[in-house]
Amino acid sequence: MDSFFRSEEMCLVQLFFQTESAHNCIDELGHLGLVQFKDLHPGTADFQRRFVKEVKKCEEMERILRFLKKEVITSNILIPADFTTERISLPRDVLDLESSFDKLEQELKEINSNRDTLRQNFTQLTEINHLLHMTDDFFVEVESQMTISELPSEDSVYSSRRASYASTNGSLKLGFVAGVIKHERFPAFEKILWRLFHGNFVLRHAEIKPHQEENMEEVFVKKDVFVVFVQGDQVRGKIRKLCDGFHASMYPCPNNAAARKEMRTNVNMRMEDLRLVLKRTEEFRVTTLTAAAANLREWTAKVKKMKAIYYTLNLCNIDITQKLIIAEIWCPVSDLSSVHAALIKGSEQTGSSVTPIMNRIHTQQTPPTFNRTNVFTSGFQNIIDAYGVGDYQEINPAPYTMVTFPFLFAVMFGDCGHGLLMTLLAVWLILHEEHFRKLKNELVDMLVSGRYIILLMGIYSIYTGLIYNDCFSKSFNLFGSSWSVRHMFHPQGPWTNETLHNSDYLQLDPLVSGVYSGNPYPFGIDPMWNIALNKLLFLNSYKMKMSVIIGVVHMLFGVMLSLGNYINFKDVVLKFIPELVFMLSLFGYLTFLILYKWCVVIKSDSAPSILLLFINMMFFDYSSNGAMLYKTQKPVQIFLVVVAGVMVPWLLFAKPLLMYREHKQSKLVNHLIRIIKGTLLQQKYQNDKGEPLEKSKEKISMGDIFVYQGIHTIEYCLGCISNTASYLRLWALSLAHAELSEVLWKMVLQVALRVTSGMGSVLLAVTFATFAVLTVTILLVMEGLSAFLHALRLHWVEFQNKFYQGSGYKFSPLSFDKMLNMK
Amino acid sequence: MVSHSLALPMICFTTLWALVGIVAPFFVPKGPNRGVVITSLILTAVCCWLFWLIAILAQANPLFGPQLKNETIWYLRYFWE
């Protein structure tokens with residue numbers, strides 16, 4: 001099937017259906033999810049469209065549903081997860097739903113306000129209760145103070161907090177004001193009382209300590225009970241005003257104990273009644289909400305669908321006289337029959353005998369780009385689309401990215417232990433996908449969408465880890481090393497036991513016979529290099545050359561893919577051949593030099609550096625050190641550089657010059673045609689159409705063409721060099737990963753493994769925990785993200801700029817499944 | 001030191017990846033995903049074979065040998081050979 005290698009062929013289809021069956025048809029198409037409606041009124045604003053009132057109604061209903069949902073959640077009622085969807089919701093259903101929603105909202109609002117009023121009453125009664133309880137003590141105290149103060153004894157000690165007894169010199173009857181004030185406001189209240197009365201008052205206060213079962217409110221506000229004793233009656237007015245200012249509630253409090261007791265019993269009775277009423281109100285509320293919650297999801301889905309259908313209807317043309325609706329849709333050619341079937345089904349449901357008509361029209365507009373993906377391929381298509389959606393029917397890089405992206409990641413990540421962990425994580429994500437999606441966390445969602453990418457990355461990392469012979473920074477020795485130490489000693493080699501004792505480190509020499517077995521380790525890097533001190537010297541050279549080879553191969557693959565985008569053969573000769581030859585002659589030759597130097601046996605001191613060879617080749621500098629890799633190197637290199645040099649003007653000038661010639665020829669032809677027409681035809685025909693007859697009506701500006709081609713040439717040629725160097729990040733990141741891995745081993749785990757005392761086991765447990773945490777966070781997460789990013793960059797820039805334009809727009813069909821899942 | 005051969009791994013791994021990349025595509029069942037699966041198999045075979053080939057060629061004719069600590073040399077002399 002072609003569709004994943006290129007975007008699908010799309011067609012523009014005109015639909016005609018009757019107004020009655022419009023809802024059902026669009027509903028069916030929405031469930032099918034394969035058509036994109038084109039906007040037939042592009043200039044009009046949202047509020048000028050035909051169905052704007054209905055859309056507003058739907059939005060109002062959505063608001064009510066949101067309010068209901070909030071209420072349901074705050075009352076901790078569970079919304080049942082599964083719901084049955086009826087397929088169709090017609091316009092008259094809308095009216096029914098609307099009225100029931102309004103009713104529900106009214107009811108709920110009423111219940112809520114009733115409940116709030118009742119709660120307020122209850123709070124007041126509670127406060128009165130506390131007040132009566134605590135002022136008992138105050139009254140007793142103050143009465144005793146008063147009686148004692150009438151006795152002329154001055155040696156009794158009054159344990160009072162306030163020394164403001166202005167009332168000691170008289171048996172005046174004190175008036176008082178009792179109330180409840182918020183705890184934070186009390187100090188300010190006291191200060192102002194002082195200023196008002198200059199201390200001529202007695203103030204007592206106590207904090208309300210709530211009983212556990214009376215806590216009916218969600219938030220408990222700390223309140224204090226206070227009693228102010230003052231002389232005279234006018235001052236009570238002042239205090240009242242003050243209390244109002246501080247939002248303190250005042251309560252009437254009887255003077256004598258008996259009345260207080262009676263009041264308390266009264267209040268308690270009322271509180272009991274109120275408690276009962278509140279409970280009933282709460283129960284009623286819960287029942288209403290549960291009934292609503294049962295249908296909540298179904299209603300939300302219905303309203304969303306209705307809104308989508310009205311949006312779609314807004315895009316169509318309504319022909320009122322003939323009760324016809326005209327719509328234009330983009331649709332994949334291969335799905336035309338299923339669209340037709342859906343339309344027939346929709347119109348059958350309304351019982352109309354007229355089937356909707358589909359009329360395919362040809363157009364010059366660019367269709368949207370549609371790539372049919374399944375669960376596995378959609379992740380890769382998404383990362384391609386994140387850079388840019390492909391042009392219509394352009395080569396789609398996604399199927400190749402499916403392998404090369406995890407592979408390049410693995411080259412940078414290369415550790416089979418970490419690769420195994422990553423694979424296990426991916427398998428876990430795949431098996432428990434539902435569970436993870438329910439968490440609705442953004443980061444987890446991203447991980448879950450990429451679970452197949454992570455799986456492939458892990459599998460390839462295991463492979464490259466085996467080749468790098470790196471597993472948590474240790475090597476496997478499966479086949480036996482190719483290097484031998486024994487042969488360096490007498491009689492074959494120069495070492496003796498004394499050389500061993502005298503020097504800290506010694507280097508093996510491959511020229512001594514037997515030290516190197518003559519044949520390399522069959523799979524991967526020899527395990528001897530893992531314990532060598534000059535390991536990096538060898539590995540760096542190996543990995544840099546590997547990066548260049550992989551880079552050149554990847555870029556050549558990209559250039560070959562661009563062949564698929566050329567429509568006519570001319571472009572192939574004008575653009576593809578010079579690009580290919582340029583890259584092959586310079587960087588293909590570089591790859592050849594690397595492979596040749598590896599395959600050929602040379603003595604170490606006469607081995608020329610490949611980099612120097614390449615640089616000298618570009619400068620035609622053959623004087624310096626005469627050392628060449630092979631005999632005919634000089635003429636071959638001169639030939640290749642000259643060929644590459646010839647390609648540049650070919651790429652730069654060939655296409656524009658050709659187009660210029662064509663343009664001039666066509667202008668000549670048109671001129672001739674116009675002359676012929678003028679002599680053979682009459683005047684009026686000439687006035688009708690004064691245009692030339694050629695197919696393309698565009699004006700070709702030669703300056704633009706030259707500039708465009710010049711930019712392309714410079715970009716390509718300089719890009720060849722810079723992109724090849726860019727692939728060296730494959731070396732850099734794999735080096736960083738290997739070094740981090742080794743640091744974690746040497747400085748974390750090995751330290752604990754070397755301890756020989758008994759406490760070593762405890763230390764090992766703790767150290768292993770540290771090792772595991774650091775491995776996961778630094779090596780898996782940080783390095784993983786880093787390698788992911790760099791592999792992505794290599795694809796987006798170095799690979800795709802050889803062939804990919806990426807300036808299309810994506811096919812976004814009307815699909816109820818996608819809409820409802822996006823919540 | 002173990003004496004390996006160069007030819008045997010060459011033949012082995014080349015045939016392995018040739019099986020994956022050239023023979024297996026004929027056995028992919030017909031379905032909507034056939035093209036994608038075949039492309040993936042071929043690309044995997046090419047990438048993995050190339051990577052292995054680079055690793056083995058880089059060590060085929062070494063210009064210098066590993067540098068080892070004297071303790072390591074002593075250990076290798078008596079325990080590995």
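Under the annotation held in an unreviewed UniProt entry, chain B carries the name V-type proton ATPase subunit and is attributed to Esox lucius. Taken verbatim from the UniProt record of chain B, the Subcellular location (unreviewed entry) comment is "Membrane". According to UniProt, the comment filed for chain B under the heading Sequence similarities (unreviewed entry) is "Belongs to the V-ATPase e1/e2 subunit family."

The name recorded for chain A in an unreviewed UniProt entry is V-type proton ATPase subunit a, from Esox lucius. The UniProt entry for chain A carries the following text under Sequence similarities (unreviewed entry): "Belongs to the V-ATPase 116 kDa subunit family." Here chain A is described in UniProt, under the heading Function (unreviewed entry), as follows: "Essential component of the vacuolar proton pump (V-ATPase), a multimeric enzyme that catalyzes the translocation of protons across the membranes. Required for assembly and activity of the V-ATPase."

**Student:** Please set out the overall build of chain B residue by residue, giving values where relevant.
**Tutor:** The secondary structure content of chain B amounts to three helices and one strand. The C-alpha atoms of chain B give 20 Å as radius of gyration, which overshoots the globular expectation for 81 residues (12 Å, by more than 25%). Across the 81 residues that make up chain B, the buried fraction comes to 44%. The contacts in chain B between residues at least 6 apart in sequence include a share of 55% that link residues at least 24 apart.

**Student:** Which residues make up the UniProt feature "transmembrane region" (unreviewed entry) in chain A, and what are the values?
**Tutor:** Residue and element names in this part refer to chain A. Look at the UniProt record and you will see "transmembrane region" (unreviewed entry) annotated at residues 407-431, 451-468, 548-568, 580-598, 636-658 and 762-782. Here residues 636-658 runs as 100% helix and 0% strand, with 32 Å between its end C-alpha atoms. Counting secondary structure, residues 762-782 comes out at 100% helix and 0% strand; the distance between its end C-alpha atoms is 29 Å.

**Student:** Could you give an account of unusual backbone geometry, naming the residues involved and the relevant values?
**Tutor:** All names here are of chain A. Despite not being glycine, Phe 472 shows a phi value in the positive range, around 50°. Here Phe 472 lies in the loop between helix H13 (451-468) and helix H14 (497-502). Look at Ser 473: it is not a glycine, yet its phi comes out positive at around 70°. Structurally, Ser 473 can be placed in the loop between H13 and H14.

**Student:** Quick rundown of the confidence of the model for chain A? Include the residues and the values.
**Tutor:** Residue and element names in this part refer to chain A. On average, residues of chain A score 84 in pLDDT, and 90% of them reach the 70 mark or higher. Here residues 150-171 is a poorly scored stretch, pLDDT under 50, and it has 22 contacts once near neighbours within four places are set aside; other chains count. A low-confidence stretch, residues 684-697 (pLDDT under 50), is modelled with nine contacts involving residues beyond four sequence positions or located in other chains.

**Student:** Any chance you could break down the UniProt feature "coiled-coil region" (unreviewed entry) in chain A for me, citing the residues and the numbers?
**Tutor:** Within this numbering scheme, the UniProt entry marks residues 94-128 of chain A as carrying the feature "coiled-coil region" (unreviewed entry). Secondary structure across residues 94-128 of chain A comprises 100% helix and 0% strand; the distance between its end C-alpha atoms is 51 Å.

**Student:** Mind laying out the UniProt feature "transmembrane region" (unreviewed entry) in chain B, listing which residues take part and the relevant values?
**Tutor:** All names here are of chain B. Sequence positions flagged by UniProt for "transmembrane region" (unreviewed entry) are, in local numbering, residues 6-28 and 35-58. In the segment residues 6-28, helix accounts for 74% and strand for 0%; the C-alpha atoms at its two ends are 33 Å apart. Helix makes up 100% of residues 35-58 and strand 0%, whereas the separation of the span's terminal C-alpha atoms amounts to 35 Å.

**Student:** Can you explain the side chain of Ser 726 of chain A? Please cite residues and give values.
**Tutor:** In this fold, Ser 726 of chain A is placed in helix H20 (residues 702-726). Polar side-chain contacts of Ser 726 of chain A include one of 2.7 Å to the side chain of Glu 798 of chain A.

**Student:** Now, about the pairing of strand E1 (residues 10-18) of chain A: what can you tell me, with residues and values included?
**Tutor:** Residue and element names in this part refer to chain A. Of all nine residues making up E1, seven are buried, and the element is well covered by its neighbours. Relative to strand E9 (residues 357-361), E1 runs antiparallel, the two sharing five bridges. Within E9, the residue paired with Val 13 across the bridge is Arg 360.

**Student:** Talk me through the packing of aromatic side chains; I want residue IDs and the actual numbers.
**Tutor:** Inspection of every chain in the model, using the stated rule, returns 42 aromatic pairs over all chains. With centroids separated by 6.2 Å and ring planes inclined at 65°, the aromatic side chains of Tyr 463 of chain A and Phe 523 of chain A adopt a geometry described as edge-to-face. In this pair, Tyr 463 of chain A is assigned in helix H13 and Phe 523 of chain A in the loop between strand E10 (505-507) and helix H15 (535-562), connecting sequence segments 60 residues apart. Of the two residues, Tyr 463 of chain A and Phe 523 of chain A, both sit in the buried class. Ring geometry for Phe 557 of chain A against Phe 799 of chain A: centres 5.9 Å apart, planes inclined by 20°, an arrangement best described as stacked. With a gap of 242 residues between them, Phe 557 of chain A in helix H15 and Phe 799 of chain A in helix H22 (residues 760-799) connect regions that are remote in the sequence. Ring pairs connect the aromatic residues Phe 407, Tyr 460, Tyr 468, Trp 483, Tyr 516, Trp 529, Phe 538 and Tyr 542 of chain A together with Phe 51 and Phe 64 of chain B, which therefore count as one cluster. Looking at Lys 109 of chain A, its charged tip hangs above the ring of Phe 67 of chain A, at a distance of 5.9 Å from the centre.

Criteria and cut-off values
- Residues numbered from 1 in each chain as written.
- Chains lettered and ligands numbered in written order.
- Predicted model: local features only at pLDDT ≥ 70, side-chain atom pairs only at ≥ 80, totals over all residues.
- Heavy atoms only, no water.
- UniProt positions renumbered as here; feature names shortened; annotations may be inferred.
- Helix = DSSP H or I, 4+ residues; strand = E, 2+ residues; numbered from the N terminus.
- Rg over C-alpha atoms; globule rule 2.2 N^0.38 Å.
- Buried < 20%, exposed > 50% of the residue type's maximum accessible area, 1.4 Å probe, protein only.
- Contact = heavy atoms within 4.5 Å.
- pLDDT = per-residue confidence, 0-100.
- Polar contact = N/O pair within 3.5 Å; in protein donor to acceptor, adjacent residues only side chain to side chain.
- Pairing = 2+ DSSP bridges.
- Phe/Tyr/Trp six-rings, centres within 6.5 Å; stacked < 30°, edge-to-face > 60°.
- Lys NZ or Arg CZ within 6 Å of the ring centre and 35° of its normal.

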